[in-house]
Structure formats: structure tokens, C-alpha cells
Amino acid sequence: MGSAPARRLPETEAVLEVRHAVRNWLSRYASGPVAVALSGGADSLALTAAAVVEAGEVDALIVDHQLQVGSDAVAAEAAAAALGLGCRSARVLPVQVGREGGLEAAAREARYDALDAARDGLPVLLGHTLDDQAETVLLGLARGSGGRSIQGMAAYAEPWGRPLLDVRRATTRRLCADIGLIPHEDPHNASPDFTRVRLRAEVLPLLEQVLGGGVAAALARTGAQLREDGAVLDALASELLHTADDGAGLSIETLATAPPALRRRAIRAWLLDGGAKALTDRHLRAVDELLTNWRGQGGVAVGGGTPASRLVVAREHGRLTLRRERR
């Protein structure tokens, strides 16, 4: 489908804020065409409008989860809006959503898989806002899995870009109103069956009221600071892992004398490289005890096995080893 010329946007406060955010992101992470994940909601519509002006060549990717009657019509309307804004192309991507891990997780996996397959090597811009970031940090805090779980979303984790992490959701809605766009209101975004919706509708407004405002921005800043700290710790942990790895396993003496924060990060990276999946704090602490509190206990099974085998960390001859054992 051919695109119209880029739509001229009025210079309202909301338009300028979103354009500025997109321009800053592009100057840091991308030069050339980009793809935008467009749902038809206010956030992704605002992002698309700004991206067309700032990036020039934009491909809109619209995922149809097929979870609601009429979802194909919603997707078609979003594609038409994208072309009206000046996108050079707009593609609807129908997907089948499973049920493993719950509806939210399954829909997310199907969505990201479809976007990755269709992006044709381009970075994909996502419409996550500061409000989404605050919700993500709170959800991570509830998991209690350490600093990594409350770092929130990165501005760029290839190929996913998030230019609007400093922009409030209310701003994207104002932009849509300013340029005459009517966003689609997904009924899932108002359903109390979803934890994130209850955070958005109940928890964050209460925190803002009780703590005197500024909570969402403070949560987002906390996530950003933890990402910066985490990058430094990850680099130091990588050096530790390189020193401890002798090809046959990890030296217990080298790891046991390292600070716990670095030691556990090094162990985590080693396990992931070895095929471990869905690592939890319990896994990491159990492996850590093989180093620091060994009482002759056996190996520790970590996620990443198969129906016929399991992945096990053991202490052997002064080393940590990782191997597959038959069930």
C-alpha cells in the first residue's frame, strides 16, 4: 500500500514533546528507516506520527492477536491511519496466541515473534511510556529477584527501541487529540483480570495520592539508575567469569573470594551461556551455597533441561561444573 506525504503536525506542546523524544532517540541509536509497532492505541499512534516526521521512512507493523471479535477491522483501521500519517508501508500481522504462562505472557510472546520476523532488519520502535516503565518497575519489585528485576525497560535493546520512556501517557493522548486522531481503546487495557491494569488503575493513583505525586517519575528514575549500575556490575562480573573459567569449569577459589554481587552475576551469566532457562533467585543462591556454604550437598538442578534430562550444577575437584543428567 502506498503512503501519503508525511502529515504536517501542529506545534502543540504535546506534539513537540513527543517529537523531541523521538528525535533524541534516533540521534543516539538509529540513522535511517525504522519500523513502528502500531496497535492503534494512543501511545503507538503518537509514536508513529512523530517517527514519520523525525525519521522520514517508517514501516508500520500492526499485530492482530485475533483475541476479540472485530480485531481484523481494528488492525485495518490502524494500517490506514499509519498510511495517512505518511508511513511508507503498513502491514497487518495476524498471530495465534497460545495459553502457556497466561494470556498476557502468551500474547506478548506471539507479538514479539511476529514483529521480529517482519521487521526486515530494521529497529522496531515500541510505544512504551514513562507510565509503562513505572508499572514495570513495580511488577519487578513484587517479584523480589534483586536489582535486575526492577531495572525496567531499556531505551534500546536490539532490535527494540523505546523512545517515549520519559513521556507520560497523558501526553500521547493529547497529541492524538491535537492532530485529530481517535485511538482505539483496547478492552483488555481496562480489565481488572490483568495485574498490570490494576497497577495502572488502582495502585499507582493511590501511591501518587498518598506520597504527594511524582511516584511514576521516581520509579522510572530508579529503574534507569539501576540499569546504569547494573551495566558496570555486569562488566566486572564478565571479567571475574573470564578469570574463573579454566575450560573444565569455574574455579571455586576464584569465585568464593569475590564479592557476592559479582559472584552471583558471574554465575548467572555462566548458567545462561550453558543453556539454563528461567533462572530464579533461589537457583542462584543454591548454586552460590556450593561455593560459600558447602556441606557435602549434592548438585543443584536449574531450569533448562529436557523431558529426558536435567541441567545440574555440581562441585567437583575444586570447580563448579554444569552438565546434563538423565532423569
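Each chain has its residues counted from 1, running along the sequence as written. Reporting of local features is limited, given that this is a predicted model, to residues whose pLDDT is at least 70; pairs of side-chain atoms are given and counted only at 80 or more, and all residues count toward the totals for whole chains, interfaces and linings. In computing side-chain values, all of the structure's heavy atoms are included and hydrogens and water are not.

- You'll find the protein chain entered in an unreviewed UniProt entry as tRNA(Ile)-lysidine synthase, with Nocardia arthritidis given as the organism.
- UniProt positions are given in the numbering used here, feature names are shortened, and annotations may be inferred rather than shown by experiment. Taken from UniProt, the Subcellular location (unreviewed entry) comment for the protein chain reads in full: "Cytoplasm".
- Regarding the protein chain, the UniProt comment filed under Catalytic activity (unreviewed entry) reads as follows: "cytidine(34) in tRNA(Ile2) + L-lysine + ATP = lysidine(34) in tRNA(Ile2) + AMP + diphosphate + H(+)".

### Thoughts on the UniProt feature "domain: tRNA(Ile)-lysidine synthase substrate-binding" (unreviewed entry) in the protein chain
- In this structure's numbering, the residues bearing the UniProt feature "domain: tRNA(Ile)-lysidine synthase substrate-binding" (unreviewed entry) are residues 250-320.
- For helices the rule is a DSSP run of H or I covering at least 4 residues; for strands it is a run of E covering at least 2, with both sets numbered from the N terminus onward. Regarding residues 250-320, the helix share stands at 44% and the strand share at 27%, and the terminal C-alpha atoms are separated by 5 Å.

### Description of the UniProt feature "binding site: ATP" (unreviewed entry) in the protein chain
- Feature annotation in UniProt assigns "binding site: ATP" (unreviewed entry) to the following positions: S39, G40, G41, A42, D43 and S44.
- By secondary structure assignment, the location of G40 is in the loop between β1 (34-37) and α2 (42-55).
- Accessibility expressed as a relative area gives 7% for G40, which makes it buried.
- Here, two residues are considered to be in contact whenever any of their heavy atoms come within 4.5 Å of each other. Each residue touching G40, except ones within four places of it in the same chain, is listed here: L45, A78, P183 and H184.
- In this fold, S44 is placed in helix α2. Only protein chains enter the accessibility calculation, which uses a 1.4 Å probe; a residue whose area is less than 20% of its type maximum is buried, one above 50% is exposed, and one in between is partly exposed.

### A few points about the nonpolar core
- Judged by nonpolar contacts, the single largest core of 38 residues is most densely connected at I62, L175 and I179.
- Listed by contribution, the elements that provide at least two residues to this core are α1 (13-29), β1, α2, β2 (58-64), α3 (71-85) and α6 (169-178).
- In terms of residues, this core owes the most to one element, α2, which gives eight residues.
- When neighbours within four sequence positions are excluded, I62 is seen to be in contact with L38, A75, A78, A79, A90, R91, V92 and L93. Residues belong to a common nonpolar core when they are buried Ala, Val, Leu, Ile, Met, Phe, Trp, Tyr or Cys residues joined through side-chain atoms within 4.5 Å.

### Observations regarding the side chain of H283
- If you trace the backbone, H283 turns up in helix α11 (residues 281-292).
- When residues no more than four places from it in sequence are discounted, the contact partners of H283 are A278, V300, A301, V302 and G303.

### Some remarks on the pattern of salt bridges
- What makes a salt bridge here is a side-chain nitrogen of Lys or Arg within 4 Å of a carboxyl oxygen of Asp or Glu, nothing more. All chains considered together, the criterion is met by 23 salt bridges.
- For E54, the salt bridge identified is with R23, shortest N-O distance 3.0 Å. Of the two residues, E54 sits in helix α2 while R23 sits in helix α1, which places them 31 residues apart along the sequence.
- Given the relative accessible area of 40%, R23 is considered partly exposed.
- Between E202 and R198 there is a salt bridge; the shortest N-O distance is 3.0 Å. In this pair, E202 and R198 both sit in helix α7 (residues 195-211), four residues apart, roughly one turn of the helix.

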